Amino acid sequence: MCQEVKKTCSCGKKEASFHLRDNVMSQEVISILYCPLCSVDKSFDREVMVRDNGWIIEYDMDLVRMFAITKLSMDPSHVSPEYIFDEGYATWREMYPGETEDITEERNAIISMKESDPKEYLTAINSWAVDRIQRLKNEGWRKAVHSC
């Protein structure tokens, strides 16, 4: 079971959905979210923050470590913002914030082929997915870069 959390960035202009893997962490571990607009003037502290294409997530690392010790039996010295994000314990619900809205039109155009030309549909959907992940990797999105 996983929990989804929505957070608004510090300037209030953008929102992102987070996935909390296996309900190990609580939503309170995500202290502050900075979108690319409000992160510009923010100094980066790698002890409590992770950066992803202009977005910055600030974690309450004391709370993160408490959950890591009690629920994962981890040595707290091995817990970092990168680990929490990259292992999915408090990460984007999507590959990046807003992905669902961005891909809806493209995906629907491909899905519309399903009834009229199933073979072309399978080819198109597979190549679209592979090309999209490669594009996201090239853009530097953490979840894409760490995917297969």
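Structure's up top.
Residues numbered from 1 in each chain as written. Predicted model: local features only at pLDDT ≥ 70, side-chain atom pairs only at ≥ 80, totals over all residues. Heavy atoms only, no water.

## Focus: unusual backbone geometry
The phi dihedral of Asp22 is positive, around 55 degrees, even though this residue is not glycine. In the Ramachandran plot, Ser73 falls in the positive-phi region, its phi being about 55 degrees despite a non-glycine side chain. One can find Ser73 in the loop between helix 1 (61-72) and helix 2 (81-86). (Helix = DSSP H or I, 4+ residues; strand = E, 2+ residues; numbered from the N terminus.)

## Description of the sheet that holds strand 4 (residues 49-52)
Here 3 strands make up an open sheet; going across it, the order is 3-5-4 and the pairing antiparallel. Lying at the two open borders of the sheet, with one neighbouring strand each, are strand 3 (30-34) and strand 4. For this sheet the average axis-to-axis angle between neighbouring strands, irrespective of direction, equals 15 degrees. Here strand 4 pairs with strand 5 (residues 55-59) via 4 bridges, running antiparallel. Its bridge partner lying in strand 5, Met49 is registered against Glu58. (Pairing = 2+ DSSP bridges. Axes fitted to C-alpha atoms, helices over the stretch in contact; angles between N-to-C directions.)

## Some details on the environment of Thr123
By the element assignment, Thr123 lies in helix 5 (residues 118-139). A C-alpha to C-alpha distance of 44 Å links Thr123 and Asp60, two positions 63 residues apart in sequence.

## Concerning the pattern of salt bridges
Enumeration according to the criterion identifies 7 salt bridges in this entry. The salt bridge involving Arg21 is made with Asp22; its shortest N-O contact spans 3.4 Å. Residue classification places Asp22 among the partly exposed residues on the basis of a relative accessible area of 45%. Each of Arg21, Asp22 and Glu87 takes part in one network of salt bridges that share partners. (Salt bridge = Lys/Arg side-chain N within 4 Å of Asp/Glu carboxyl O. Buried < 20%, exposed > 50% of the residue type's maximum accessible area, 1.4 Å probe, protein only.)

## Observations concerning the packing of aromatic side chains
The description of two aromatic rings rests on the distance between their centres and on the angle between their planes. For the structure shown, the criterion picks out 5 aromatic pairs. Ring centres 6.0 Å apart and planes at 25 degrees place the aromatic pair Tyr83 and Tyr89 in the stacked group. You can call Tyr89 buried: its relative accessible area is 6%. Ring geometry for Phe85 versus Trp92: centroids 5.8 Å apart, planes at 85 degrees, classification edge-to-face. Pair check on accessibility: Phe85 and Trp92 agree, each one buried. One aromatic cluster is present, formed by Phe18, Trp55, Phe85 and Trp92 through successive ring pairs. (Phe/Tyr/Trp six-rings, centres within 6.5 Å; stacked < 30°, edge-to-face > 60°.)

## Description of the side chain of Arg132
With respect to the helices, strands and loops of the structure, Arg132 is situated in helix 5. Among the polar contacts made by the side chain of Arg132, one reaches the side chain of Glu99 at a distance of 2.5 Å. Excluding residues within four positions of it along the chain, Arg132 makes contact with Glu99 and Ile103. (Polar contact = N/O pair within 3.5 Å; in protein donor to acceptor, adjacent residues only side chain to side chain. Contact = heavy atoms within 4.5 Å.)

## Details of the pairing of strand 5
Among the 5 residues that make up strand 5, 5 are buried, leaving the element largely enclosed by the rest of the structure. What you see with strand 5 is no split at all: Trp55, Ile57 and Tyr59 on one side and Ile56 and Glu58 on the other are buried throughout. Two elements, strand 3 and strand 5, share 4 bridges in a ladder whose sense is antiparallel. By the bridge assignment, Tyr34 is partnered in strand 5 with Ile56.

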